[in-house]
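Structural description and commentary
Residues per chain are reported as follows:
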Amino acid sequence: MGQRILILFVLVSINSFAQFKPVTFRPSKPLAQSAIDQWTSEKGLVSNNLTSVIQARSGFIWITTYNGLHRFDGDRFEIFDKESIPFLTTDAFYRGYEDKKGMLWFATQGSGIVKYDGESFKPFLPDMPLLPKSIRCLLFAENGDLWAGSNNNGLYLIQDTSVTRFQHELVHDISIQSIAEDSNHTLWVATNGNGLMKIANGSVIQFTMEDGLLSNVVNSVRCVGGDVLIGTSQGFNILTQNKITSMEFTKGTSIISMVIDDFGSIWLATDLGLARINRKNNVYEFLTQEQGFPTLEVTSLAFDNEGSLWLTSS
């Protein structure tokens, strides 16, 4: 097998509504008819281990990688790593977020939580021994609380400068992959081996393969309306009123990340390419290398302000 160049790429609908209108992906338009722009090491991308992508309000595209942060202005990449951020323990970043005030937050493999105010990077609560240095994911709750999912050390609640470890045996000493909040302010916690946790008023309800999950390794969770969308290492589940159903065409596929568009389509980043589901319009499709997709494993998805879909690969 020849050398593989791994990429950041953007999916653009060829037929948008009209000139000067945002790009859209109508459910009736097959994914294979989309245009793909890609960036590789030949275009300035330094790392080939990309973990997530977001667009900030500033317009910049931020890419987290195992080899530092990449900030992309559409023309060039600027790299932030241990050389430019001295307090970093490693260059590995898991995921980026933007809060309601426009502050950027980054979950890292060994440097805890890192904040960026538009001018400088700062460690968040660096002297708090209770907060692990390896943080996989964050959730900014509606009430202002910050939840942090750690690597192998469970779940943490952060209120201002106070940190509390969530006390329950099902989430102790395990990696938290993703956290979501539904309209009732219930937390949904994806774990690496213990299935999905529903946390409400301090109580915990566990959902596992015995309840219909395709795997107890849950990579991603999102809440849409009354549904909880669950991406596992063996396929995609939907939980509605405590009943779990499976999407047959995703079975055996690792669902790594998810995003929802304005048409209600569910976009899945998988280890076999890109998938899209729109139940209302009966759309269930995969875009794989056999259809000309330029990569196999997709790690993250994000729509930009113009409606284009950005993806990272690993």
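Every value quoted in this text rests on a predicted model; they were computed, and no experiment measured them.

Attention now moves to the overall build of the protein chain. Helix and strand counts for the protein chain stand at zero helices and 28 strands. For 314 residues, the compact-globule estimate of 2.2 N^0.38 gives 20 Å, and the C-alpha radius of gyration of the protein chain, at 19 Å, lies within 12% of that figure. If one aligns the C-alpha atoms of the protein chain with their principal axes, the spans along those axes are about 50 × 50 × 45 Å. Sorting the 314 residues of the protein chain into buried and exposed places 53% on the buried side. Here the protein chain has roughly 14700 Å² of accessible surface; of this, 45% comes from carbon and sulfur atoms. Of the side chains in the protein chain, 24 bear a positive and 32 a negative charge, and the two mean positions are spaced by 4 Å.

Do not read the predicted coordinates in detail wherever pLDDT is low. Taken residue by residue, the protein chain gives an average pLDDT of 91. The fraction at 70 or more is 94%. Below pLDDT 50 for its whole length, residues 1–6 participates in ten contacts with residues either more than four positions away or in separate chains. With pLDDT under 50 throughout, residues 16–21 is counted as low confidence; its partners more than four residues away or in other chains account for six contacts.

By size, the foremost hydrophobic cluster in this structure holds 32 residues, and its most contacted members are I113, W147, I158 and I179. Elements represented by at least two residues in this core include exactly β7 (93–98), β8 (104–108), β11 (135–140), β12 (146–150), β13 (155–159), β15 (176–181), β16 (187–191) and β17 (196–200). The residues contacting I113, other than those within four sequence positions of it, are W105, F106, K122, P123, F124, L131, I135, L138, A148 and I158. In terms of nonpolar packing, the next biggest core, distinct from the first, is built from 14 residues, L274, L287, L301 and L309 among them.

So, on to the pattern of salt bridges. Summed over the entire model, instances satisfying the criterion amount to six salt bridges. Between D227 and R279 there is a salt bridge whose closest N-O contact spans 2.9 Å. Of this pair, D227 sits in strand β20 (residues 227–232) while R279 sits in the loop between β25 (273–278) and β26 (283–287), and the two are 52 residues apart along the sequence. For R279, a relative accessible area of 40% gives the class partly exposed. Note that R276 and E285 form a salt bridge whose closest N and O atoms lie 2.5 Å from each other. The buried category is assigned to E285, whose relative accessible area is 17%.

Here the focus is the sheet that holds strand β23 (residues 255–260). Here we have four strands laid out as an open sheet, ordered β23-β24-β25-β26, and antiparallel in their pairing. Edge positions in the sheet fall to β23 and β26, since each of these pairs with one other strand and no more. Each neighbouring strand pair of the sheet contributes to a mean axis angle of 20°, computed without reference to strand direction. The sheet contact formed by strand β24 (residues 266–270) and β25 spans five bridges and is antiparallel. Of the residues in β25, the one forming a bridge with T270 is G273.

So, about the sheet that holds strand β3 (residues 50–55). If you trace the four strands from one edge of the open sheet to the other, you get β3-β4-β5-β6, paired in antiparallel fashion. Looking at strand neighbours, the two that pair on one side only are β3 and β6 (77–80), the edges of this open sheet. For this sheet, the mean angle separating the axes of adjacent strands, direction not counted, is 20°. Pairing geometry for strand β4 (residues 61–65) and strand β5 (residues 68–72), over five bridges, is antiparallel. Considered in β5, the bridge of I61 is made with F72.

About the criteria used
Residue numbers run consecutively from 1 along every chain, following the written order of its sequence. Totals for whole chains, interfaces and linings use all residues, but because this is a predicted model, local features are given only for residues with pLDDT of at least 70 and pairs of side-chain atoms are given and counted only at 80 or more. Computation of side-chain values covers all heavy atoms of the structure but excludes hydrogens and water. In this description a helix means any DSSP run of H or I spanning at least four residues, a strand means any run of E spanning at least two, and both kinds are numbered starting from the N terminus. Each radius of gyration is computed over the set of C-alpha atoms, and the globule rule expresses the reference value as 2.2 Å times the number of residues to the power 0.38. Using a 1.4 Å probe on the protein chains alone, a residue whose accessible area is under 20% of its type maximum counts as buried, one over 50% counts as exposed, and one in between counts as partly exposed. The method behind every accessible area is Shrake-Rupley, applied with a 1.4 Å probe, and residues are considered shielded solely by the protein chains displayed. Charged residues are defined narrowly, with Lys and Arg counted positive, Asp and Glu counted negative, and His plus the chain ends left uncounted. The location of each charge is read from NZ of Lys, CZ of Arg, CG of Asp or CD of Glu. Each residue carries a pLDDT value, the predictor's own confidence for that position, ranging from 0 to 100. Contacts were defined at the residue level, with two residues in contact if any of their heavy atoms lie within 4.5 Å. What is meant by a nonpolar core is a set of buried Ala, Val, Leu, Ile, Met, Phe, Trp, Tyr and Cys residues, joined one to another through side-chain atoms within 4.5 Å. When a carboxyl oxygen of Asp or Glu is within 4 Å of a side-chain nitrogen of Lys or Arg, the pair counts as a salt bridge. Two strands pair if DSSP finds at least two bridges between them. Here an angle of 0 to 180 degrees is reported between the N-to-C directions of two axes, which are lines fitted to C-alpha atoms, with helices fitted over the stretch in contact.

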